[in-house]
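Here is what each chain is made of, one letter per residue.
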Amino acid sequence: MSADDLEAYEADIELQLYREYKDVSPTFTYVVETERRFYLANEVQRTVRDAGGTPFVELELRDAWVWDMYRSSRFVSRVQVVTFKDVNIEELPKADIDLESFRKGPS
């Protein structure tokens, strides 16, 4: 397999992963980003702890989907993450929200 073939293969896998993400994202409540992974989850518990003066974050995700092109199955029932880096947790808007009205603001 040439370098070009490998690059084309990885680009195709990433496109498939993006399409899967677009299909499944409406079924999840949260987006969670860590320094290593991107997750969709329906339940997120975050605990900040201290390790000898150095804070770290423990995350527990339930009913999750993992953005990882090398996994055969991206759906997992439970994920535990421990990190000393930044964590971003966002609640996704519900599909039934009228985004056009939301963007315009109050009348």
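The notes below deal with the structure included here. (Residues numbered from 1 in each chain as written. Predicted model: local features only at pLDDT ≥ 70, side-chain atom pairs only at ≥ 80, totals over all residues. Heavy atoms only, no water.)

## A few points about the packing of aromatic side chains
Here comes step 1: Scanning the model with the defined rule gives 7 aromatic pairs in all.
Here comes step 2: Look at Tyr21 and Phe38: their rings are 5.8 Å apart centre to centre, the planes differ by 70°, and that puts the pair in the edge-to-face class. Remark: Phe38 occurs in strand 2 (residues 38–51) and Tyr21 occurs in helix 1 (residues 3–24); sequence separation between them is 17 residues. Each member of the pair, Tyr21 together with Phe38, is buried.
Here comes step 3: Ring centres 6.1 Å apart and planes at 40° place the aromatic pair Tyr21 and Trp65 in the tilted group. Taken together, the residues Tyr21 in helix 1 and Trp65 in strand 3 (residues 54–66) connect sequence positions 44 residues apart. For the pair shown, Tyr21 and Trp65 are each scored as buried.
Here comes step 4: Taken together, the aromatic side chains of Tyr18, Tyr21, Phe38, Trp65 and Trp67 make up a single cluster linked through ring pairs. (Phe/Tyr/Trp six-rings, centres within 6.5 Å; stacked < 30°, edge-to-face > 60°. Helix = DSSP H or I, 4+ residues; strand = E, 2+ residues; numbered from the N terminus. Buried < 20%, exposed > 50% of the residue type's maximum accessible area, 1.4 Å probe, protein only.)

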